[in-house]
Structures are given as structure tokens and as C-alpha cells.
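# A look at the structure
Residues per chain are reported as follows:
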Amino acid sequence: IPLSMGKPIKLAGEYEDEQARQEAYGAILHKYPQVQNQGDGMKSFTGILLYLMLDFYCTYLIDEPESFLHPPQARIMGQIIGETLNEYQQAFISTHSEDIIKGLISVCPQRIKIIRITREGNTNSFSILDNEKFQNIWNDPLLKYSNIMSGIFHKSVVVCESDSDCKLYQIIDEFNAQTKGHHSETLFIHCGGKHRMSNVIKALKSLNVDVKVVPDINVLNESNTIKKIYESTGGDWDDLKEDYSKFRSAFNGGGSSLKRSIFKDFINTILGASTEVNLSKEEINRIKEEMKIATKWDILKTSGESGIPAGEAKVAYNSMNAKLKNRGIFIVPVGELERFITEVNLHGPAWVNSVLEQFSDLNNPVYDKVKSFISDVTS
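Summary of the structure given here. These figures come from a predicted structure and were not determined experimentally. (Residues numbered from 1 in each chain as written. Predicted model: local features only at pLDDT ≥ 70, side-chain atom pairs only at ≥ 80, totals over all residues. Heavy atoms only, no water.)

### As for the sheet that holds strand β6 (residues 186–190)
Overall, parallel pairing links the three strands, which are arranged β6-β5-β7 in an open sheet. Among the strands making up the open sheet, the edge pair consists of β6 and β7 (210–214). Each adjacent strand pair in this sheet contributes to an overall mean axis angle of 25°, direction not counted. With five bridges joining them, strand β5 (residues 156–160) and β7 adopt parallel strand pairing. (Pairing = 2+ DSSP bridges. Helix = DSSP H or I, 4+ residues; strand = E, 2+ residues; numbered from the N terminus. Axes fitted to C-alpha atoms, helices over the stretch in contact; angles between N-to-C directions.)

### Description of the pairing of β5
Extensive coverage of β5 is indicated by the burial of five of its five residues. Where β5 lies against β6, five bridges are found, and the strand directions are parallel. Residue C160 lies in a different strand from β6, and its bridge partner there is H190. Read as a crossover between parallel neighbours, the route from β5 over helix α7 (residues 163–179) to β6 is right-handed. (Buried < 20%, exposed > 50% of the residue type's maximum accessible area, 1.4 Å probe, protein only. Right-handed = clockwise from strand over helix to strand, strands pointing away.)

### Observations concerning the packing of helix α10 (residues 238–249) against helix α14 (residues 312–326)
Direction vectors running N to C along α10 and α14 enclose 145°, while the axes themselves pass 8 Å from each other. The element α10 and its partner α14 pack so that their crossing is left-handed. Seen from α10, the contacting residues are D239, L240, D243, Y244, K246 and F247; seen from α14, they are E312, A313, A316, Y317, S319, M320, K323 and L324. Looking at the contact of α10 with α14, its residues break down into eight nonpolar, one polar and five charged. (Left-handed = near helix turned anticlockwise from the far one by under 90°. Contact = heavy atoms within 4.5 Å. Nonpolar A, V, L, I, M, F, W, Y, C, P; charged D, E, K, R; others polar.)

### So, the packing of aromatic side chains
For the structure shown, the criterion picks out 11 aromatic pairs. Ring geometry for Y51 versus Y57: centroids 6.4 Å apart, planes at 50°, classification tilted. Since its relative accessible area comes to 35%, Y57 is described here as partly exposed. Between Y230 and W237, the aromatic rings sit 6.4 Å apart at their centres with planes inclined by 70°, giving edge-to-face as the arrangement. The rings of Y169, F188, F340 and F373 are connected pair by pair, giving a single aromatic cluster. (Phe/Tyr/Trp six-rings, centres within 6.5 Å; stacked < 30°, edge-to-face > 60°.)

### A closer look at the pattern of salt bridges
Within the structure shown, the criterion is met by seven salt bridges. K241 is paired through a salt bridge with D238; the nearest N and O atoms lie 3.2 Å apart. Of this pair, K241 and D238 both sit in helix α10, three residues apart, roughly one helical turn. The salt bridge partner of E242 is K246, with a shortest N-O separation of 3.4 Å. With E242 and K246 both in helix α10 and four residues apart, this pair spans about one turn of that helix. A relative accessible area of 32% places K246 in the partly exposed class. (Salt bridge = Lys/Arg side-chain N within 4 Å of Asp/Glu carboxyl O.)

### Looking at the side chain of S164
By the secondary structure assignment, S164 is in helix α7. For S164, a relative accessible area of 9% gives the class buried. When neighbours within four sequence positions are excluded, S164 is seen to be in contact with L337, G348, P349 and V352.

Below you can see the structure in the form of C-alpha cells.
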């Protein structure tokens, strides 16, 4: 008895007898494509579905259900498994597909437990991400539709603030790896801003994923945010608190009391971005805007570590930065992504696209600073 694929057949009208009705039904069914003539993906899909429908089984062992399936179909497979299993049934699923996981979580998140297996030499180790931890991610719409789940299939993960950061850093990391004769096994993911970083870090850490964090330098302006990030990596805030307090005290107050040396560094950054004799209109407008609204933190974000006052604040920052790096937290040393290459005066995705268009050769010296930084992060 062949299995056919198509919409349910609904016969219209009346028939002389049951034989006539069945023949009419069969005539339509005969036009439908049969599963046995489909590709391996559809045959595997149907085979798993049939077994799930036989509810006298209480336990299923399913190996790589995404095999031969395109990502959208793999996600549907995950949804069907989650929808078909009743409360008295359990499935152990081996998968390398985040789409399978997302499909399952979309229909039965309360039933999912993720176990990550890592292999070092001849030894396997197992880490469990229980329901409560990944529910914190799944309940956040921005994180739910990100590629965070891909992190469990990579050797290491770098958590960034934005998609723009991920795009350029990933390109640079792959270039660095290729120049050394190997391929990158690092995934760069963003979580829609620094405030979500701690939740993602905790979830990935619970699965023994090697996690690195790359926030902009202005994360230090938010004590609660940097504290959560530091603690999510396993750090004790008491170890950082004294250095942080000394560093932050140098930035108290508004922009009216800016030190001359800090603002000088900011101006020098603008002047050093181009060799043109005259300032461009964009540069003049930028300086005007900074003079209107600039605070010490604003200038720190655009000047980076060079904007930190000499003396106690610098000493405290160096000590604090060393402890942050020890926990896998790498503050962007130039302030933010766009300050690595100041030849392009844009922001966000437009900046990344423009940089890659203007400097298509990654061997160009303009990439030296960001290459060095990413090499430090992924080493």
C-alpha cells in the first residue's frame, strides 16, 4: 500500500454504491506523488512521523532527524515531534541542527532539556542546559529569533552587542585563521545590546561553551550591567569593585569639567583620521556636536583607552581590564567598533558595508588594529 502526498481528498456529490465512491477516491489519489518516489529527506521525514503516530511506543531514540532536510523542513520536523509526542512519551534526539531545537522549543519549551556532548581526545563530557535557563533566553523576543542556539555546536562563542560588530569581527577572525593555515571554529553572536549579555553568557556557560564577551567601553558607565556580565562569567564582583570605583570616580560629573588632555585626545583622533589639508564638512559638524553635548563618557567612547586620565584612573583601569580579560571579557580598546577604522565616518551596518567596500583587501593596514584585537579575543 503506497503512501501518497497531498491535500486530504474531499469527494463531492453522490455515488451509486461504496465501490463507485472508492474508485473515484482512488482515481484522485492515483494522481498524487508517492513518498517512495521522493528524496531521502522526505522518506526519512515520513518514516519518523509514522513511528511517532504509533502511540504504543513510550520511548524514541531518534538519530539526526534533520538528515537530508533543508533548514525550514528541519524546523517543521522539530515542531511535529514536539506536537505528536504525548505526555506519556519521551524522545532522545541526537542532532547537529539548531532548527530542530528551535522547532521543538516553539511548541513544547517546557519539556526540553538540552545535553551538549564535547569530546577531548577519547573522552566525552556532558553538560545539561535545563529548562529554566534557556526559558530566560526564549522569553526574550530578540534572543528567541537570533542564532544563539548555534553556539552549542561551536568550539567557542564570542558575544557582541550588535550585528554590525559580529559581521566585521567574524570576517576578521576567519581571515586571521586562514593566514595561519586553519579554519575558524568560533561563532560571533549578538544579543541586541549589552543588557542581555549576562543571560546569554550564563546559558552558554552552563553547557561548557567557551564564551568570550566583547562590549563597548561605555559598558563601564553602567555599574549594574558590567557587574552582571562579570558575575555571569563566574567572576566575584568584590574582586573588581575597588578598581572599578577608582576608575569611575575620574568620570563623575558633566562635560563642563572635562580635562584638557582628554578632549585633546578626542580632537587628535578626528585630525588623525585623514591627511587632507582642510577639515571636511562632516568632521567640522562632528566636532561641533561633540562640543555641544560631550561628556566624559561620550569622549571615552570615541577615544577609547587613550581618553582615560593618567594616574590613579589609568592604573585602576589596567588592573580592572586584566581581571576582565581573565574572565573572557574584552573591552573594545578604541571605544567602539567604528573607531578601529576612522577613515569611514558612518555608524552601524552602513559603516561596516562602507569599510568593506572601500578596503576590500583585508591585507590593508587599516585592519591591523582590529586584527590584533580579535586575535587576542580568540586566542
